[in-house]
Amino acid sequence: MLDFRAISLFSSAGIAETYFERQGVHVRVASELLEERVKLYRQMYPEVRMFQGDITINNNYNQIIEAAREEKCDFLLATPPCQGMSKAGLKKKGDPRNSLILIAINAIKDIQPKFAIIENVPEITWAKIEYKGELIKIGDLIERELGINYTFNKQKIVNTMNYGIAQSRERCVFLLSRKDTQVKWEFPEPEKHILTMRDVIGDLPSLDPYVTDITEEQRKKLFPDFDKKKEAGLAISPWHYPPNHVYRHVVAMMHTPEGCSAMSNKVYFPAKKDGTKTKGFNNTYKRQHWDKPAFTITMYTSRIGSQQNGHPGHPIIDSEDEEKRIWSDPRTMTIFEIMRLMSLPDDWNMPLDTSHNLVREVMGEGVPPRLLEKALIELDKAINGN
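(A) Local environment of the packing of helix 2 (residues 58-70) against helix 3 (residues 101-111). Relative orientation of the contacting elements helix 2 and helix 3 amounts to 40°, with a least axis distance of 10 Å. Considering the angle they form, helix 2 stands oblique to helix 3. Between helix 2 and helix 3 lies a crossing whose hand is right-handed. Each of Tyr61, Ile65, Ala68 and Arg69 in helix 2 lies in contact with helix 3, whose residues at this interface are Ile103, Asn106, Ala107, Asp110 and Ile111. Looking at the contact of helix 2 with helix 3, its residues break down into six nonpolar, one polar and two charged.

This is the structure:
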């Protein structure tokens, strides 16, 4: 087994390192800017020295580096914010978040860990930043600045669905080995069996959404088994509970079958309060497919109108006629379903009093932790020959 002491930068709630400890990588120092995420991290990893603050400020950065030296950290994980580059982001030119990669580069230079992981969206390989008066691709900058002392993996763009995760999510992962270790570190070959949504959430009980803008009497008439289903869901997990939606969206999704968007409906389409059709693309108000991996989990999974967020559902009345057909689960995924699609454990130690929106946000911005665990398993093989 591996035996490293690690520093985690841009840690958020620590989702990326969920499985590090069981692979022998012991995080001892962490850093995060946002207070609510720092609070979560400290609750979930009380043994880690967590530093809160802007790491671009010299004094803050120096404290973190000094702590890493004190803890003899020989492994580094950096997952800088990706919203400035991601497809779901605004991609503003000169977004300062794109330059946070320089912090990761400098930290590796200063700490000189034996091994390091830099993880981000695929756009990091071609997005450009200004560095010492030069406009350069971030991927090229990483290899140029660190290539003197480190070797890199060849296959950097990977899709999580190829590594035992029921979610199609492309990531760029740099696996660094200090040259004096003489270790070649690569991801394993893609797995032949692709997990689907049916594989990982198909066993969970069906849930009706909680409709927020109708009376209790109307809710009972619309979903007579709501309470019974809710009780069955909570018996599985406190995180498997009904999401909240408005009536007009719920009705539209009730008439939308698996893999389809309510935006294509002629009668039961997503409507504004005045009854006119909502503007949007055909990947919104869309149910996913049971027999495919989930689409990329985003930070906005509470919104039925966000990209491809709908539960696949089950036919109650199956018909080609839009007005006759009725499908179950006219809702987004529950937090528990997303946990499984993110490869998080069923007994994840997320504090139960955490804001549900915050839980969804940190999952959406995190990397599925099983992906990085697969990389650690390969590192163990490269070092120990297991």
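That was the structure; now back to the text.
(B) Broad picture of the pattern of salt bridges. The final tally for this structure, using the stated rule, is 23 salt bridges. Here Glu71 ties to Arg49 by a salt bridge, and the two come within 3.3 Å at their closest N and O atoms. Pair noted here: Glu71 is in the loop between helix 2 and strand 4 (75-78) and Arg49 is in strand 3 (residues 49-52), with a separation of 22 residues, a long-range link. Residue Asp329 is joined to Arg331 by a salt bridge in which the shortest nitrogen-to-oxygen separation is 2.9 Å. Comparing Asp329 with Arg331 shows no difference in burial state: the two are buried. One network of salt bridges, in which partners are shared, links Arg5, Arg49, Glu70 and Glu71.

(C) Expanded view of the pairing of strand 2 (residues 25-32). Of all eight residues in strand 2, seven are buried, a share of seventy percent or more. Relative to strand 2, strand 1 (residues 4-9) runs parallel, the two sharing five bridges. Bridged to Phe4 within strand 2 is Val25. One ladder, built from four bridges, connects strand 2 with strand 3; its direction is parallel. Residue pairing for strand 3: Ala30 is matched across the bridge by Met50.

(D) Representation of empty space enclosed by the protein in the model. Counted by the stated rule, this structure contains one cavity of 30 Å³ or more. Its boundaries defined by the atoms lining it, the largest cavity holds a volume of some 50 Å³. Around the largest cavity, the lining residues are Gln288, Phe295, Thr296, Ile297, Thr301, Gln307, Gln308, Asn309, Met333 and Ile338. Here the lining of the largest cavity is composed, by residue class, of four nonpolar, six polar and no charged.

(E) Just the packing of aromatic side chains, in detail. The full count for this structure, using the stated rule, is nine aromatic pairs. Judged by centre distance (5.4 Å) and plane angle (65°), the rings of Phe4 and Phe115 are edge-to-face. In this pair, Phe4 sits in strand 1 while Phe115 sits in strand 5 (residues 115-120), placing the two residues 111 residues apart along the sequence. Look at Phe4 and you get buried, because its relative accessible area is 7%. Its relative accessible area of 2% is what places Phe115 among the buried residues. Their ring planes at 45° and their centres at 5.7 Å tell us that Tyr163 and Phe187 sit as a pair that is tilted. Here Phe187 lies in the loop between strand 10 (170-178) and helix 5 (197-201) and Tyr163 lies in the loop between strand 9 (157-159) and strand 10, a separation of 24 residues in the sequence. Here Tyr163 matches Phe187 in class, with each residue buried. The structure contains a cluster of three or more aromatic residues connected by ring pairs, namely Phe4, Phe20, Phe75, Phe115 and Trp185.

(F) Region of interest: the nonpolar core. Phe20, Phe75, Ile117, Trp185, Leu341, Trp348 and Met363 are the most contacted members of the largest nonpolar core, which totals 59 residues. When neighbours within four sequence positions are excluded, Met363 is seen to be in contact with Ile15, Arg169, Ile335, Ile338, Met339, Met342, Leu344 and Trp348. Core analysis: the next-biggest nonpolar cluster, separate from the first, contains 39 residues, Ile111, Leu141, Leu146 and Tyr150 among them.

(G) Region of the structure containing the packing of helix 3 against helix 4 (residues 138-146). Helix 4 packs onto helix 3 with a crossing angle of 15° between their chain directions and a minimal axis gap of 10 Å. Our classification of the angle between helix 3 and helix 4 gives roughly parallel. In this structure, the crossing between helix 3 and helix 4 has a hand that is right-handed. Of the residues in helix 4, those in contact with Ile101, Leu102, Ile105, Ile108 and Lys109 of helix 3 are Ile138, Leu141, Ile142, Glu145 and Leu146. Looking at the contact of helix 3 with helix 4 residue by residue, the classes come out as eight nonpolar, no polar and two charged.

About the thresholds
- Counting of residues starts from 1 at the beginning of each chain's written sequence and follows it residue by residue.
- Owing to the predicted nature of the model, reporting of local features is limited to residues with pLDDT of at least 70; listing and counting of side-chain atom pairs is limited to 80 or more, with chain, interface and lining totals taken over all residues.
- Excluding hydrogens and water, the side-chain figures rest on all heavy atoms present in the structure.
- Note on geometry: axes are lines fitted to C-alpha atoms, helical ones only across the stretch in contact, with angles between N-to-C directions running from 0 to 180 degrees.
- Each helix is a run of DSSP H or I of at least 4 residues and each strand a run of E of at least 2, with the numbering of both proceeding from the N terminus.
- By the definition adopted for this analysis, an angle is roughly parallel if under 35 degrees, roughly antiparallel if over 145, roughly perpendicular if from 65 to 115, and oblique otherwise.
- Each crossing gets its handedness from the near helix: less than a right angle anticlockwise from the far helix is left-handed, clockwise is right-handed.
- Throughout, a contact is declared for two residues whenever any of their heavy atoms are within 4.5 Å.
- Three categories are distinguished: nonpolar for Ala, Val, Leu, Ile, Met, Phe, Trp, Tyr, Cys and Pro, charged for Asp, Glu, Lys and Arg, and polar for the others, with Gly belonging to the last.
- By definition, a salt bridge exists where a carboxyl oxygen of Asp or Glu is found within 4 Å of a side-chain nitrogen of Lys or Arg.
- Under the scheme applied here, a residue whose accessible area is under 20% of the maximum for its type counts as buried, over 50% as exposed, and between as partly exposed, the area being computed with a 1.4 Å probe on protein chains only.
- Only strands joined by at least two bridges in the DSSP assignment are considered to pair.
- Using only the protein atoms, space was sampled on a 1 Å grid; points where a 1.4 Å probe fits but cannot get out form cavities, open sets with protein on both sides within 12 Å along at least five of seven lines form pockets, and lining residues are those with an atom within 4 Å of a point.
- Grid points are joined across faces, edges and corners, and a volume is the space filled by probe spheres set on the points.
- Side-chain rings of Phe, Tyr and Trp (the six-membered ring for Trp) are treated as a pair once their centres are within 6.5 Å; stacked means planes under 30 degrees apart, edge-to-face means over 60, and tilted covers the remaining angles.
- The term nonpolar core refers to a set of buried residues drawn from Ala, Val, Leu, Ile, Met, Phe, Trp, Tyr and Cys, joined through side-chain atoms within 4.5 Å.

The quantities given are spatial measurements derived from coordinates; they are silent on function.
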